[in-house]
Amino acid sequence: MSRTPVLRAALVGTGHRAQLFTRGLTERPGHLVAALCDPSPTRMAFHNRLLTEAGAPAATPWEPDRFTDLLAKGDIDEVVVTTVDAEHDRYIVPALRAGCRVVTEKPMTVDAERCARILDTVRETGNSLTVAFNYRFNPVHEKVRALLAEGAIGEVLSVHFEWLLDVRHGADYFRRWHREKHHSGGLMVHKSSHHFDLVNWWLADEPREAFGYGRLGFYGRTAGERHGLRREYDRAHGADRAADDPYALDLAANDTLRALYLDAERDDGYLRDRNVFDGPISIEDDMSVLVRYSRGATMTYHLTAYSPWEGYRVMFNGSAGRLELEVEESRWQPALTRVTSTAGALHGDTAAEHAGGARLTLRPLWQPPVNVPLAVAHEAHGGGDPRMLDALFGPADATRPADTAVADHPTATERDGALALAVGLAANRSFETGRPVRTDELIAGRGDAGIAD
């Protein structure tokens, strides 16, 4: 009897999001997490416990500076990159050159220079890069795409898109490394790349120009003092002033957060629980963007990171009607300071206590509106995470019938990653210059891997 070949995987970056891939690969036949790479031995030890508890062998831990040795000596077939966003290219490029299959968390990277380096490497090597845009695999988002593709509202002429992060989820970007734009690209790159990829995918079109305004108006020392929200502490752990602060994160109260971050501080000094009303913070919390697409459609987009409720509204206006989607991921947030998720996640892992519903309404011209039935999940990023893992690595249960919708679902390539990044980079440049910015000013066409015509 022939045996299924086992693909040896290296997981680079072992924070809380990486747990999805550690567990996901271990559950899927034909995959073995053979190596872990991270500055923190403590975090790598945590992931090795996940592996051994699942009955898999422990992976070999590697320091980041020895990544090329890992590729050469570890007999690695596939690499999953879940590091700080600005570090993605540091691992993507040598992995592609080594002939590995590479999957990277979104965003693909954080600036035009790093993006060009990745695109050039894909073109030079002919190897594969996949960007883990899990929102594409949310069944609600798939339904929207199907309706638009079948012409339910004719030609799409404009899109209005509002995304709200509540004060529990939104604040978290201002506690951790995301608060510094050189690490994350700001929310226009780190968070909104999800949304820009969705619109590119929904419209089957490419962005050409963006103009916008962004500001830090809620978080940070100045705004916190202006609104009477600031308390005097640097980080929450051990600070009396943080004990009853609803904006503080208690790392010690959650087993996973304590193991991944509090216990790992001795390794790299990274603080996961900074004061959201203190500096340095170089990203925005309120952003408005106008985007023009290649076939003429426009999008107005707004991201708010300090809302009382979490969710999004997206409306498409077309030549034959209008399509409206509204999703309430949390209707409101109580002033909780303790994270109950076993994965240490503040959002997306489990449904919020006060999750709402979702409504998809088709409004044809000259006809009554139609409420489109939806099956809504609020956990696992709307059901997108497990379906994305199935598309990337095959089903966890090889005996169950394949989900044809997932099997036929195209995963996002480096081109898709660059197109989503281009909108965020253009928006960031527009914030600085006060002028519209063409995407090809930032990411020029580079052969088959390029994004411009």
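If you're wondering where the values come from, they're calculated on a predicted model, not measured in any experiment.

Within a sheet, neighbouring strands are paired by backbone hydrogen bonds and run either parallel or antiparallel to one another. Taken in spatial order, the seven strands make up an open sheet running β3-β2-β1-β4-β5-β6-β15, and their pairing is mixed. One side of each edge strand has no neighbouring strand; the edge strands of this open sheet are β3 (60-62) and β15 (412-413). In this structure, strand β4 (residues 78-81) lies alongside strand β5 (residues 101-105), joined through four bridges in parallel fashion. Note on β5: the bridge partner recorded for Val79 is Val102.

Once that is clear, we can look at the pairing of strand β13 (residues 358-364). By the bridge criterion, seven bridges tie strand β12 (residues 321-330) to β13 in an arrangement that is antiparallel. Looking across to β13, one finds that Glu324 is bridged to Thr361. Relative to strand β14 (residues 370-372), β13 runs antiparallel, the two sharing three bridges. The partner of Leu360 across the bridge, within β14, is Val372. Between the end of β13 and the start of β14, which pair antiparallel, lie five residues, with Trp366 showing a positive phi angle near 65°.

Tallying each qualifying case throughout the model produces 41 salt bridges. Between Glu209 and Arg292 there is a salt bridge, and its shortest N-O distance comes to 3.4 Å. Within this pair, whereas Glu209 is found in strand β8 (residues 207-215), its partner Arg292 is found in strand β9 (residues 286-293), the two being separated by 83 residues in sequence. With relative accessibility at 25%, the residue Glu209 sits in the partly exposed group.

Per the counting criterion, the structure on display carries 17 aromatic pairs. When the centroid spacing of 6.1 Å and the interplanar angle of 55° are considered together, the rings of Phe218 and Tyr247 count as tilted. Of this pair, Phe218 sits in the loop between β8 and α11 (221-226) while Tyr247 sits in the loop between α11 and α12 (255-262), placing them 29 residues apart in sequence. The residues Phe218 and Tyr247 share a single accessibility class, namely buried.

UniProt marks residues 8-133 with the feature "domain: Gfo/Idh/MocA-like oxidoreductase N-terminal" (unreviewed entry), using the numbering shown here. Between the C-alpha atoms that bound residues 8-133 the distance is 23 Å, and the span itself is 43% helix and 22% strand.

All right, on to empty space enclosed by the protein then. Scanning the model with the defined rule gives two cavities of 30 Å³ or more in all. If you go around the second largest cavity, the residues you meet are Thr130, Val131, Ala132, Phe133, Arg136, Phe137, Met388, Leu392, Thr411 and Ala412. Of all the secondary structure elements, the ones that give two or more residues to the lining of the second largest cavity are β6 (129-132) and α14 (384-393). It is β6 that contributes the most residues to the lining of the second largest cavity, three residues altogether. Class assignment of the residues belonging to the lining of the second largest cavity gives a composition of seven nonpolar, two polar and one charged.

Let us look at unusual backbone geometry. Note: most residues except glycine have negative phi, and most peptide bonds are trans. In this structure, Pro107 follows Lys106 across a cis peptide bond, with omega equal to -10°. Cis geometry is adopted by the peptide bond preceding Pro280, which originates at Gly279 and carries an omega value of -5°. With respect to the helices and strands, Pro280 occurs in the loop between α13 (265-268) and β9. Non-glycine residue Ala204 carries a positive phi angle of around 50°. Note that Ala204 resides in the loop between α10 (192-203) and β8.

This part covers the confidence of the model for the protein chain. The predicted coordinates should not be examined in detail at positions where pLDDT is low. On average, residues of the protein chain carry a pLDDT of 92, and 90% of them reach 70 or more. Low pLDDT (under 50) marks residues 446-450, which in the prediction has 11 contacts with non-local residues, meaning those over four places away or in another chain.

Criteria and thresholds
- Residues numbered from 1 in each chain as written.
- Predicted model: local features only at pLDDT ≥ 70, side-chain atom pairs only at ≥ 80, totals over all residues.
- Heavy atoms only, no water.
- Pairing = 2+ DSSP bridges.
- Helix = DSSP H or I, 4+ residues; strand = E, 2+ residues; numbered from the N terminus.
- Salt bridge = Lys/Arg side-chain N within 4 Å of Asp/Glu carboxyl O.
- Buried < 20%, exposed > 50% of the residue type's maximum accessible area, 1.4 Å probe, protein only.
- Phe/Tyr/Trp six-rings, centres within 6.5 Å; stacked < 30°, edge-to-face > 60°.
- UniProt positions renumbered as here; feature names shortened; annotations may be inferred.
- 1 Å grid on protein atoms, 1.4 Å probe; cavity = no way out; pocket = protein on both sides within 12 Å on 5 of 7 lines; lining within 4 Å.
- Points joined across faces, edges and corners; volume = space filled by probe spheres on them.
- Nonpolar A, V, L, I, M, F, W, Y, C, P; charged D, E, K, R; others polar.
- pLDDT = per-residue confidence, 0-100.
- Contact = heavy atoms within 4.5 Å.

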